[in-house]
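Structural overview for review
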Amino acid sequence: MLGRGLTDTAAELTAHGLPRRAMGLWETTTIGPFTIAAVPAVDALGDPQVSWTVEADGTRVIHLGDTMHHGYWWRAAHRYGPFDAVLTPINGPTVCFPHCQPPSPYPSALDARHAAVAARLLQARTAIPIHDDGFHAEGFYTTRPDELARFLDAATGEPYEVPAPGRGEELSL
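Described below are features of the structure shown in this document. Once a new chain begins, its residue numbering starts again from 1 and follows that chain's sequence as written. Whole-chain, interface and lining totals are the exception, using all residues; otherwise, since this is a predicted model, local features are given only for residues with pLDDT of at least 70 and side-chain atom pairs are given and counted only at 80 or more. Water and hydrogen atoms were dropped before computing side-chain values, which therefore reflect all heavy atoms in the structure.

Let's talk about the packing of aromatic side chains
Only Phe, Tyr and Trp rings are paired, with Trp represented by its six-membered ring, and only when their centres lie within 6.5 Å; those with planes under 30 degrees apart are stacked, over 60 edge-to-face, the remainder tilted. Within the structure shown, the criterion is met by two aromatic pairs. Judged by centre distance (6.1 Å) and plane angle (65 degrees), the rings of Trp 26 and Tyr 72 are edge-to-face. Residue Trp 26 is located in the loop between α1 (6–15) and β1 (28–31), and its partner Tyr 72 is located in helix α2 (residues 72–80); the two are separated by 46 residues in the primary sequence. Working definition: with a 1.4 Å probe on protein chains only, accessible area under 20% of the residue-type maximum means buried, over 50% means exposed, and in between means partly exposed. By relative accessible area, which is 27% here, Tyr 72 ends up partly exposed. Judged by centre distance (6.2 Å) and plane angle (20 degrees), the ring pair of Trp 26 and Tyr 80 falls under stacked. Here the residue Trp 26 occupies a position in the loop between α1 and β1, and Tyr 80 occupies one in helix α2, the gap between them amounting to 54 residues. Judged by relative accessible area, Trp 26 falls into the buried class, the value being 16%. The structure contains a cluster of three or more aromatic residues connected by ring pairs, namely Trp 26, Tyr 72 and Tyr 80. The rule for a charge over a ring is simple: NZ of Lys or CZ of Arg within 6 Å of the ring centre, and within 35 degrees of the ring normal. The residue whose ring lies beneath Arg 79 is Trp 26, and the NZ or CZ to ring-centre distance is 4.2 Å. Per the convention used, a helix needs a DSSP run of H or I reaching at least four residues, while a strand needs a run of E reaching at least two, with both numbered from the N terminus.

Some details on the pattern of salt bridges
The salt bridge definition used is simple: a Lys or Arg side-chain nitrogen within 4 Å of an Asp or Glu carboxyl oxygen. For the structure on display, the rule yields six salt bridges. The partner of Arg 144 in a salt bridge is Glu 147, with the nearest N and O atoms 3.1 Å apart. According to the relative accessible area criterion, Arg 144 is partly exposed, its value standing at 46%. By relative accessible area, which is 2% here, Glu 147 ends up buried. Between Arg 150 and Glu 147 there is a salt bridge, and its shortest N-O distance comes to 2.8 Å. On the criterion of helical spacing, the pair formed by Arg 150 and Glu 147 is a turn pair, its members being three residues apart in helix α4 (residues 147–154). With a relative accessible area of 31%, Arg 150 lands in the partly exposed category. What you see here is one network of salt bridges that share partners, running through Arg 144, Glu 147 and Arg 150.

Quick look at the structure:
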């Protein structure tokens, strides 16, 4: 299993002889059969965020990471889409960190409803919800229960598929 911190991950990549390099926003690079692009993203804390597109053998995927709803979706779809799959956070956490006072009542990353729209704007064929049962620290990083059910409801009628909830399924993109 890869290390949990950025330093650990970088050390493990180096130990395994895997290349790594800094990339600018909208920059594309090719590593073996993979074409990778760094797409701008936004979070409510003002920290730099990046979503990643990966393409190989004609299959295109975008991983949104910890982003909130923003206007880069259309540009990403025009430059790199349509996408066979979008991995989108759906947990919509509110945060109350000491360095972010007073706290905002708005989600710092996509909630279920915003994630459903983002997948459509990115022209996804399949939307894969992530972060639905992840980290929660009462008073600091608060997620709502049942975000997966809310996402499935919000995705009803959308032009993309949502795989049946479960772990360890193989998807055919």
